[in-house]
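Notes for the structure review
These are the residues of each chain, in order.
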Amino acid sequence: MILHGVAAVGLLAVSGFAVATYPRSVLAFLLFQGAVLFAYLARIPPWLKWSLLAVALLGMMPIIGAYNGYYLEIATQVGIFVALALGLNIVVGLAGLLDLGYVAFYAVGAYAWAIYGSPHANLIFGGGFPLPAWTFYLFLVVGLAVGAVTGILLGLPVLRLRGDYLAIVTLGFGEVIRVLANNLDKPINLTNGPKGITPISRPPAPFGISYGEYFYFLVLLIVLVVILVNRRLEDSHIGRAWEAIREDELAAQAMGVPLVRMKLLAFACGASFAGIMGVVFSAKQVFINPESFTFLESIGVLAMVILGGMGSIPGAVLGATVVTVLNLQVLKGFSLWLNELKSAGVTILGFNLADLPTQFEPAKYERMIFGVILILMMIFRPQGILPARRRQRELAEPAPAAVQPQVEPTIP
Amino acid sequence: MTSLFEARGVTKRFGGLTAVHRVDFALTSGIASIIGPNGAGKTTLFNIFTGLYRPDEGMVTFQGRSLIGLRPDEITALGICRTFQNIRLFRNMTAIENVLVGMHARIPLGLAPVLARTARFRRIEAGLWSEAAGLLDRVGLRRAANEVAKNLPYGDQRRLEIARALAARPTLLLLDEPTAGMTQSEAGALMALLRRLVADLRLAIILIEHNMRVVMEVSDRVTVLDHGEKIAEGPPELVQSDPRVIEAYLGRASWAGRRARALD
């Protein structure tokens with residue numbers, strides 16, 4: 001325990017120092033991420049664990065961001081995907097409803113703020129837009145509501161479907177939303193089609209911090225709320241009903257779980273997180289177009305949930321972090337490195353990398369390596385990195401009245 | 001006197017096959033058994049009673065109220081709960097969580113108190129957990145409360161299913177072959193438990209059973225189905241000697257011997 005505590009503190013300090021010394025090094029930042037993960041997993045007293053995490057996320061991360069703004073951007077992206085993964089975790093992990101079009105809810109939230117928070121709405125309603133920047137906070141709630149309503153709208157027609165059929169319909173739904181965004185520039189220009197919407201206003205960042213820091217803290221705050229909500233749902237009759245539906249829909253209904261209501265609730269809860277993050281995303285990016293909401297994004301979020309461990313909150317958080325960091329940082333860094341080797345004309349086993357045909361561009365390996373990692377994970381650890389653990393409860397001794405004569409021991 | 005539960009003229013067809021044909025059934029209290037050879041329509045009848053199937057003809061009432069067209073969860077909320085022939089526990093949840101799911105229909109809480117974790121939510125939740133522990137105690141599974149359901153021995157899984165059904169606080173309990181796969185002594189212990197439930201909770205029970213020793217010992221009344229039709233009904237000792245019942249069982253050459261012994 002003491003060893004773990006010392007190691008956690010030490011790792012965090014060393015990695016922070018490393019990032020400060022080599023702000024451009026991918027490895028240094030990875031070390032920092034590893035230190036945060038270790039602090040979470042280490043066998044140390046809760047107060048130490050949470051204060052270490054608080055120091056790392058509230059203190060060290062923004063300072064690292066001052067050295068290298070791109071890392072803060074990565075951290076913000078991670079936060080956005082963590083919220084998305086947690087939302088999808090409710091639908092897929094807890095309620096067992098395979099949703100392949102989850103990013104649609106994210107798109108709906110993003111477009112909600114993009115349209116009203118930019119001059120674009122003038123084309124629809126005449127003058128008066130963009131709305132004042134402070135309404136962004138209002139739109140966080142609007143995004144939640146719009147996400148939830150869209151979730152219910154998707155849920156209603158697919159309630160009778162299960163498994164593969166449900167997956168196909170949700171996939172179609174995701175594409176419908178994307179295609180709508182792509183084509184709703186005529187007859188009324190709602191989305192500006194493939195050209196996308198810009199400039200989307202942002203609220204003024206408080207306390208004179210930079211926008212990078214502002215969005216980092218905003219996303220962190222939302223993620224914390226989402227985790228809290230997730231835990232409370234999971235730890236209640238609602239979460240148990242969802243899991244019962246996942247385990248055996250028919251038995252769940254026979255035990256008194258109203259399937260329609262609980263499934264719609266799962267869709268609405270999951271979608272609402274995506275709606276909020278959509279609003280944040282469009283303000284952060286200033287520019288959005290349908291390209292940000294492709295089928296591949298939905299699959300990416302699903303991969304995060306599965307990689308982390310279905311139905312597990314820490315799993316979804318870790319899965320989202322790993323996948324995002326892999327895609328934005330590790331694989332990008334890897335292909336940059338290969339590119340450098342190539343342009344330097346390094347020879348390996350007598351083969352000059354400069355002669356590499358363009359089909360073998362390093363950048364093209366990114367997806368392949370990601371795919372290989374997923375395949376290996378599914379073969380060697382199908383339950384995910386941090387699988388859901390059944391909570392063990394201490395049960396109070398039964399009240400004397402409840403003590404009935406036991407069934408006789410059944411072993412003859 | 002009106003019956004607690006009554007079915008009249010219930011018919012269910014699947015395509016050209018008539019699985020249940022004009023069956024009448026009524027129960028006011030105690031334990032009633034439904035027996036019959038495989039494929040006689042016993043489980044189909046249960047599925048009609050609990051709202052999984054809608055009968056093509058006939059009516060089903062509970063406490064004077066028609067059940068036709070109600071969803072299974074609505075029927076459960078009215079006070080009828082069941083177990084399944086092929087155990088259908090929530091396999092990856094713990095024993096006590098299985099029982100807690102059975103209480104779902106009578107939890108008077110919406111989304112807001114759950115998210116706000118109000119005092120009322122915590123009080124109700126704590127009450128549910130201790131009640132669930134009590135139910136596990138009743139079926140002798142208290143020590144297995146935190147075990148994942150799929151890891152429990154077979155007999156324990158059957159008893160857990162009963163505890164889960166009891167969690168809905170039913171007035172009428174439907175048990176589909178509760179002793180299947182149990183040893184004779186396990187089955188005996190289970191029957192003792194059922195009798196206690198009838199006595200303590202004033203529960204009415206409908207039982208589908210193949211174990212004739214169990215049926216004859218525990219039932220107040222026995223209904224015999226064959227080819228979807230009711231061929232006999234009455235106290236166990238009368239049904240046992242009914243020539244049509246003996247014919248229904250003995251008429252099937254391949255397992256005639258086994259059934260005859262079982263009926264003894």
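Residues numbered from 1 in each chain as written. Chains lettered and ligands numbered in written order. Predicted model: local features only at pLDDT ≥ 70, side-chain atom pairs only at ≥ 80, totals over all residues.

Scanning chain A for helices and strands turns up 15 helices and two strands. The C-alpha atoms of chain A give 24 Å as radius of gyration, which agrees with the globular expectation for 412 residues (22 Å, within 12%). In chain A, buried positions account for 43% of the 412 residues. (Helix = DSSP H or I, 4+ residues; strand = E, 2+ residues; numbered from the N terminus. Rg over C-alpha atoms; globule rule 2.2 N^0.38 Å. Buried ≥ 20, exposed ≤ 12 C-beta atoms within 10 Å, placed from the backbone.)

Within chain B one finds 11 helices and 10 strands. Over its C-alpha trace chain B gives a radius of gyration of 19 Å, about what one expects of a compact globule, namely 18 Å for 264 residues. If one aligns the C-alpha atoms of chain B with their principal axes, the spans along those axes are about 65 × 40 × 35 Å. Buried residues in chain B amount to 50% of all 264 residues. If you take every contact in chain B between residues at least 6 apart in sequence, the share linking residues at least 24 apart comes to 65%. (Contact = placed C-beta atoms within 7 Å.)

Residues and elements named next belong to chain A. Look at helix α3 (residues 46-67) against helix α4 (residues 69-94): their axes get within 5 Å of each other, and the N-to-C directions meet at 135°. Judged by the angle between their axes, α3 and α4 are oblique. Seen from α3, the contacting residues are Met 61, Pro 62, Ile 64 and Gly 65; seen from α4, they are Gly 69, Tyr 71, Leu 72 and Ala 75. Among the residues making up the contact of α3 with α4, the classes are represented as six nonpolar, two polar and no charged. (Axes fitted to C-alpha atoms, helices over the stretch in contact; angles between N-to-C directions. Parallel < 35°, antiparallel > 145°, perpendicular 65-115°, else oblique. Nonpolar A, V, L, I, M, F, W, Y, C, P; charged D, E, K, R; others polar.)

So, about the pairing of strand β3 (residues 31-35) of chain B. Residue and element names in this part refer to chain B. Extensive coverage of β3 is indicated by the burial of five of its five residues. Neither face of β3 is open: one carries Ile 31, Ser 33 and Ile 35, the other Ala 32 and Ile 34, and all of them are buried. The pairing of β3 with strand β8 (residues 204-208) spans four bridges and is classified as parallel. By the bridge assignment for β8, Ser 33 is matched with Leu 207. Judged from the four bridges that link them, β3 and strand β9 (residues 221-226) form a sheet pairing that is parallel. (Pairing = 2+ DSSP bridges.)

Looking now at the sheet that holds strand β4 (residues 57-62) of chain B. Residue and element names in this part refer to chain B. Spatially, the four strands line up as an open sheet ordered β2-β1-β4-β5, and their pairing is antiparallel. Two strands lie at the open edges of the sheet, namely β2 (17-27) and β5 (65-66), each paired on one side alone. Sheet analysis places β4 next to β5, joined by two bridges and oriented antiparallel. When the sheet's bridge partners are listed, Thr 61 is paired in β5 with Ser 66. Most of the contacts of helix α1 (residues 42-49) go to β2, to which it runs at about 65°, and overall it touches β1 (5-14), β2 and β4.

Moving on, we get to the pairing of β1 of chain B. Residue and element names in this part refer to chain B. Of the pairings in the sheet, the one linking β1 to β2 comprises seven bridges and is antiparallel in character. Across the sheet, Lys 12 pairs through a bridge with Val 20, a residue of β2. Connecting β1 to the next strand, β2, in antiparallel fashion are two residues, including Gly 15 with a positive phi near 60°. Pairing between β1 and β4: five bridges, direction antiparallel. Counterpart to Glu 6 in the pairing with β4 is Thr 61.

Once that is clear, we can look at unusual backbone geometry. Comment: phi is negative for the bulk of residues other than glycine, and the bulk of peptide bonds are trans. All names here are of chain A. Residue Pro 199 is reached from Thr 198 by a cis peptide bond, and omega for that bond is -10°. Of note in the backbone geometry, Val 286 takes a positive phi value of approximately 70° without being a glycine. Along the chain, Val 286 turns up in the loop between α12 (259-285) and α13 (295-308). Residue classification places Val 286 among the partly exposed positions, given that 16 C-beta atoms sit within 10 Å.

Our focus in this paragraph is the interface of chain B and chain A. Listed as interface residues are 41 residues of chain B and, on the opposing side, 35 residues of chain A. Taken together, the elements giving at least two residues each to the side of chain B that touches chain A come down to α2 (72-78), α3 (95-102), α4 (111-116), α5 (119-138), α6 (154-166) and α7 (184-201) of chain B. When the residues that make up the side of chain B that touches chain A are grouped by side-chain class, the tally is 19 nonpolar, 12 polar and 10 charged.

A separate point is the nonpolar core. In this structure, Leu 84, Ala 85 and Ala 266 of chain A together with Leu 136 of chain B are the most contacted members of the largest nonpolar core, which totals 201 residues. Per element, the largest residue contribution to this core is 17 residues, and it comes from α4 of chain A. Contact partners of Leu 84 of chain A, with chain neighbours within four places excluded, come to Tyr 106, Phe 273, Ala 274, Met 277 and Val 301 of chain A. (Core = buried A, V, L, I, M, F, W, Y, C linked by C-beta atoms within 7 Å.)

All names here are of chain B. Spatial ordering of the open sheet is given by β6-β7-β8-β3-β9-β10, a layout of six strands whose pairing is mixed. Of all the strands in the sheet, just β6 (80-82) and β10 (229-234) have a single pairing partner and so form its edges. When the angles between neighbouring strand axes are averaged without regard to direction, this sheet yields 20°. Taken together, the three bridges between β6 and strand β7 (residues 172-176) define a ladder with parallel strand orientation. The residue bridging Ile 80 from the neighbouring strand is Leu 172, located in β7.

Residue and element names in this part refer to chain B. Locating Ile 231 in the fold gives a position in strand β10. A count of 17 C-beta atoms within 10 Å places Ile 231 in the partly exposed class. Linking Ile 231 and Val 23, residues 208 residues apart in sequence, is a C-alpha distance of 9.5 Å. Apart from residues no more than four positions distant in its own chain, Ile 231 is found in contact with Val 224, Asp 226, Arg 244, Val 245 and Ala 248.

All names here are of chain A. One can describe the packing of helix α1 (residues 2-21) onto helix α2 (residues 26-41) by two numbers: an axis separation of 8 Å at closest approach and a directional angle of 160°. Between α1 and α2, the crossing angle belongs to the class labelled roughly antiparallel. α1 and α2 meet at a crossing whose hand is left-handed. On α2, the residues that touch Ala 8, Leu 11, Leu 12, Ser 15, Gly 16, Ala 18 and Val 19 of α1 are Ala 28, Phe 29, Leu 31, Phe 32, Ala 35, Phe 38 and Ala 39. Tallied by class, the residues present in the contact of α1 with α2 amount to 12 nonpolar, two polar and no charged. (Left-handed = near helix turned anticlockwise from the far one by under 90°.)

Attention now moves to the environment of Trp 134 of chain A. Residues and elements named next belong to chain A. Among the secondary structure elements, Trp 134 is positioned in the loop between α6 (122-125) and α7 (135-158). Exposure remark for Trp 134: the 10 C-beta atoms within 10 Å place this residue in the exposed category. Through-space distance from the C-alpha of Trp 134 to that of Ile 209 is 17 Å; in sequence the pair is 75 residues apart.

In this section: the confidence of the model for chain A. Low pLDDT means the predicted coordinates in that region are not meant to be read closely. Looking at chain A as a whole, its pLDDT mean stands at 83, while 93% of the residues score no less than 70. At the level of individual helices and strands, chain A shows its lowest average pLDDT in strand β2 (residues 351-352) of chain A, which scores 73, and its highest in helix α10 (residues 237-247) of chain A, which scores 93. (pLDDT = per-residue confidence, 0-100.)

Here Ile 299 of chain A is to be found in helix α13. Taking the C-alpha atoms as reference, Ile 299 of chain A lies 8.8 Å from Val 103 of chain A; in sequence the two are 196 residues apart.

What follows is about the confidence of the model for chain B. All names here are of chain B. Per-chain confidence: chain B averages 87 in pLDDT, with 94% of residues scoring 70 or above. Low pLDDT, under 50, characterises residues 253-257; the stretch is placed with one contact to residues that sit more than four places away or in other chains. The ipTM assigned to the predicted complex is 0.88, against a pTM of 0.86.

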